Each structure stands twice: as structure tokens, then as C-alpha cells.
Amino acid sequence: MSNLEWMDQALCAQTDPELFFPDEGRGYSDAKKICATCPVAAECGTHAQALEGDLSSVYRHGTWSGQAPQGRAQIAKGSAA
């Protein structure tokens, strides 16, 4: 798969985007369930890391690869160490 072609197979592209970018106070559990079965979750995680880099969780939003902003920030922190 080249560039962003993987996005065509992403399950999130076939569901309600509000599940992945919920309003404040709503959790990410429904999105995480969808991500758990997504065939391109690994590509999604790599893409999110490339986009967000070392941003803190305050500047991250949404669920990517089954990870909420705080989880992705911790992963980024761990890979930078």
C-alpha cells in the first residue's frame, strides 16, 4: 500500500466520525472497539505519530489506532526516550 491508500480500508471511514472525535465528556470506548478490528490499525498509528510528533495530549484530539490522545502522547514520549 502506498501513501494514504490504507485509509480506504479504515473502518473509521465507514462509520460515524463523531465516535472518533467525541465532544467533551464522551469517551472513546466505541471508537476503540472499532479500531480493535480494523485491518489498518498499524498504519493508522504510524500516521498519527507522524502527524502529531511529540505534541502533548492537550494538542491531540480523537482516536487513532485505538488510542485516545493521552495514550498516543505516552507512546510518543516512550519512543523519544
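Residues numbered from 1 in each chain as written. Predicted model: local features only at pLDDT ≥ 70, side-chain atom pairs only at ≥ 80, totals over all residues. Heavy atoms only, no water.

### Considerations on the overall build of the chain
Stage number 1. From N to C terminus, the chain includes three helices and zero strands.
Stage number 2. In the chain, the order of α-helices and β-strands from amino to carboxyl end is α-α-α.
Stage number 3. Its C-alpha atoms give the chain a radius of gyration of 12 Å, near enough to 12 Å, the size a compact globule of 81 residues would have.
Stage number 4. Judged by the C-alpha coordinates and their principal axes, the chain covers about 35 × 35 × 15 Å.
Stage number 5. Sorting the 81 residues of the chain into buried and exposed places 33% on the buried side. (Helix = DSSP H or I, 4+ residues; strand = E, 2+ residues; numbered from the N terminus. Rg over C-alpha atoms; globule rule 2.2 N^0.38 Å. Buried < 20%, exposed > 50% of the residue type's maximum accessible area, 1.4 Å probe, protein only.)

### A look at the layout of surface pockets
Stage number 1. Roughly 270 Å³ of internal volume is contained in the largest pocket.
Stage number 2. In terms of lining residues, the largest pocket is bounded by 18 residues, among which Ala10, Cys12, Ala13, Cys44 and Trp64 are the most central. (1 Å grid on protein atoms, 1.4 Å probe; cavity = no way out; pocket = protein on both sides within 12 Å on 5 of 7 lines; lining within 4 Å. Points joined across faces, edges and corners; volume = space filled by probe spheres on them.)

### Quick look at the environment of Pro17
Stage number 1. With respect to the helices, strands and loops of the structure, Pro17 is situated in the segment before α1 (29-36).
Stage number 2. Separated by 14 residues in sequence, Pro17 and Ala31 place their C-alpha atoms 9.0 Å apart.

### What about a nonpolar patch on the surface?
Stage number 1. A surface patch of nonpolar side chains, amounting to about 360 Å² of accessible area, comprises Leu55, Val58 and Tyr59.
Stage number 2. Take Tyr59: it is sitting in the loop between α2 (41-52) and α3 (69-80).
Stage number 3. In this structure Tyr59 comes out as exposed when scored by relative accessible area, which is 64%. (Patch = residues over 30% accessible without salt bridge, like charges linked within 9 Å, V, L, I, M, F, W, Y side chains within 5 Å. Areas by Shrake-Rupley, 256 points an atom, 1.4 Å probe, with all protein chains shown as cover. Salt bridge = Lys/Arg side-chain N within 4 Å of Asp/Glu carboxyl O.)

### Focus: the nonpolar core
Stage number 1. Membership of the largest hydrophobic core is limited to eight residues, which are Trp6, Ala10, Cys38, Val40, Ala41, Cys44, Ala48 and Trp64.
Stage number 2. Aside from chain neighbours lying at most four places away, what touches Cys38 is Gln9, Ala10 and Leu11.
Stage number 3. Leu19, Ala31, Ile34 and Cys35 belong to the second-largest nonpolar core, a separate cluster that totals five residues. (Core = buried A, V, L, I, M, F, W, Y, C linked by side-chain atoms within 4.5 Å. Contact = heavy atoms within 4.5 Å.)

### A look at the state of the cysteines
Stage number 1. Applying the stated criterion to the full structure yields zero disulfides.
Stage number 2. Distance from the sulfur of Cys38, which forms no disulfide, to the nearest cysteine sulfur (Cys12) is 6.2 Å.
Stage number 3. By relative accessible area, Cys38 is classed as buried at 16%.
Stage number 4. Considering cysteine sulfurs only, Cys12 is the nearest to Cys44, which forms no disulfide, with 6.0 Å between them.
Stage number 5. Of the residues examined, Cys44 reaches a relative accessible area of 11% and is grouped as buried. (Disulfide = S-S within 2.5 Å.)

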